[in-house]
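# Structural description and commentary
Single-letter residue listing:
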Amino acid sequence: NPGFESGDFTGWTASSMFVADQTSFGGVHTGSYSASGDPYFPFSLQQNFASPISGDIVTTLQFWYKHGNFWDSASQQEVYPVKAQVLYSDGTYTETSLPRVSDWTLVSPSFDKTRAVNGVKIVKPGQSLGNFYVDDFTIQVAAHPTTAHSYDNLTRLTNTTYPDTSFETYGYDD
């Protein structure tokens, strides 16, 4: 349910979030629905993957958002910044701040490619006034490299190449 097109949070855990449609203030990026954070309260939206994904095979991790960090006009600074978290299987995460933007913006949150990615989370920790919308999450992975074998015309193993590009060569006395 990467674009919330089921009209609900199937596959997600949401707190103080609601599904917005095309008629809502922020609308949607594509399709009929997006997710929106409560403008008055802290919120979070999280999806855990069925099993951890090795970071080194993640080729794309991105989503679209609108608005982002909240501005306090009295102090003239951002308060309660909205963060995108990439969650790891050991319970830690990498965090990316989502600056305030007025148009739909594509973001690819940073993450450690040497770690196992377990999920994604959007979080606003405090109370502040302002809308936030998120839509169209994408994660793409490359196929796991495999071990390759080569054979001679007598179907004898002659070469093995491993995913780390190391190899072994075999010779035979005829």
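These figures come from a predicted structure and were not determined experimentally. (Residues numbered from 1 in each chain as written. Predicted model: local features only at pLDDT ≥ 70, side-chain atom pairs only at ≥ 80, totals over all residues. Heavy atoms only, no water.)

### Some thoughts on the sheet that holds strand 13 (residues 148-151)
Taken in spatial order, the three strands make up an open sheet running 13-14-15, and their pairing is antiparallel. Edge strands, defined here as strands with exactly one partner in the open sheet, are strand 13 and strand 15 (167-169). Across the sheet, the mean angle from the axis of one strand to that of its neighbour is 15 degrees, orientation sign disregarded. (Pairing = 2+ DSSP bridges. Helix = DSSP H or I, 4+ residues; strand = E, 2+ residues; numbered from the N terminus. Axes fitted to C-alpha atoms, helices over the stretch in contact; angles between N-to-C directions.)

### Remarks on the environment of Tyr-162
Structurally, Tyr-162 can be placed in the loop between strand 14 (157-161) and strand 15. Of the residues examined, Tyr-162 reaches a relative accessible area of 28% and is grouped as partly exposed. Along the chain, Tyr-162 and Ala-20 lie 142 residues apart, while their C-alpha atoms are 48 Å from each other. Apart from residues lying up to four places away in sequence, Tyr-162 is in contact with Thr-147, Phe-167, Glu-168 and Tyr-170. Within the structure, Tyr-162 has its side chain in polar contact with the side chain of Glu-168 (distance 3.3 Å). (Buried < 20%, exposed > 50% of the residue type's maximum accessible area, 1.4 Å probe, protein only. Contact = heavy atoms within 4.5 Å. Polar contact = N/O pair within 3.5 Å; in protein donor to acceptor, adjacent residues only side chain to side chain.)

### Re unusual backbone geometry
Although it is not a glycine, Phe-4 sits at a positive phi angle of roughly 60 degrees. By the secondary structure assignment, Phe-4 is in the segment before strand 1 (13-15). The backbone phi angle of Thr-155 is positive, close to 60 degrees, even though this residue is not glycine. Within the element layout of this structure, Thr-155 appears in the loop between strand 13 and strand 14.

### A closer look at the packing of aromatic side chains
Summed over the entire model, instances satisfying the criterion amount to seven aromatic pairs. Note on Trp-12 and Phe-137: the rings are 4.8 Å apart at their centroids and 55 degrees apart in plane angle, and the pair reads as tilted. In this pair, Trp-12 sits in the segment before strand 1 while Phe-137 sits in strand 12 (residues 132-141), placing the two residues 125 residues apart along the sequence. The buried category is assigned to Trp-12, whose relative accessible area is 8%. According to the relative accessible area criterion, Phe-137 is buried, its value standing at 12%. Ring geometry for Phe-43 versus Phe-132: centroids 5.5 Å apart, planes at 25 degrees, classification stacked. Separated by 89 residues along the polypeptide, Phe-43 in strand 4 (residues 43-54) and Phe-132 in strand 12 bring together distant segments of the chain. Looking at Phe-43, the relative accessible area reads 2%, which means it is buried. Over the face of the ring belonging to Tyr-88 we find Arg-115, whose NZ or CZ atom lies 4.2 Å from the ring centre. (Phe/Tyr/Trp six-rings, centres within 6.5 Å; stacked < 30°, edge-to-face > 60°. Lys NZ or Arg CZ within 6 Å of the ring centre and 35° of its normal.)

### Some remarks on the nonpolar core
Counting residues in hydrophobic clusters, the biggest one holds 27 residues, and the most contacted among them are Leu-45, Phe-63, Leu-98, Ile-122, Phe-132 and Phe-137. Of all elements in the fold, only strand 4, strand 5 (58-67), strand 8 (83-88), strand 11 (116-124) and strand 12 reach the threshold of two or more residues within this core. When neighbours within four sequence positions are excluded, Phe-63 is seen to be in contact with Ala-84, Leu-98, Thr-105, Leu-106, Val-107, Pro-109, Ile-122, Val-134, Asp-135, Asp-136 and Phe-137. (Core = buried A, V, L, I, M, F, W, Y, C linked by side-chain atoms within 4.5 Å.)

### Section: the confidence of the model for the chain
The predicted coordinates should not be examined in detail at positions where pLDDT is low. In this model, the chain carries a mean pLDDT of 87, and residues with pLDDT of at least 70 account for 95%. Highest mean pLDDT in the chain belongs to strand 8 (96); lowest belongs to strand 6 (residues 70-72) (69). (pLDDT = per-residue confidence, 0-100.)

### Considerations on the side chain of Asp-38
Tracing the backbone shows Asp-38 in the loop between strand 3 (33-37) and strand 4. With no salt bridge to any partner, buried Asp-38 finds its closest opposite charge in Lys-124, at an N-O distance of 6.1 Å. Beyond its immediate stretch of four places on either side in the chain, Asp-38 contacts Ser-16, Phe-43 and Lys-124. (Lys, Arg positive; Asp, Glu negative; His and termini not counted. Salt bridge = Lys/Arg side-chain N within 4 Å of Asp/Glu carboxyl O.)

### Some points on the pattern of salt bridges
Going through the model one piece at a time under the given rule, you end up with two salt bridges. The partner of Arg-115 in a salt bridge is Asp-90, and the shortest N-O contact between them spans 2.6 Å. Linking Arg-115 in the loop between strand 10 (101-107) and strand 11 with Asp-90 in the loop between strand 8 and strand 9 (93-97), this pair joins segments that are 25 residues apart in sequence. We note a salt bridge from Asp-152 to Arg-156, for which the minimum N-O separation is 2.9 Å. Exposure remark for Arg-156: the relative accessible area of 23% places this residue in the partly exposed category.

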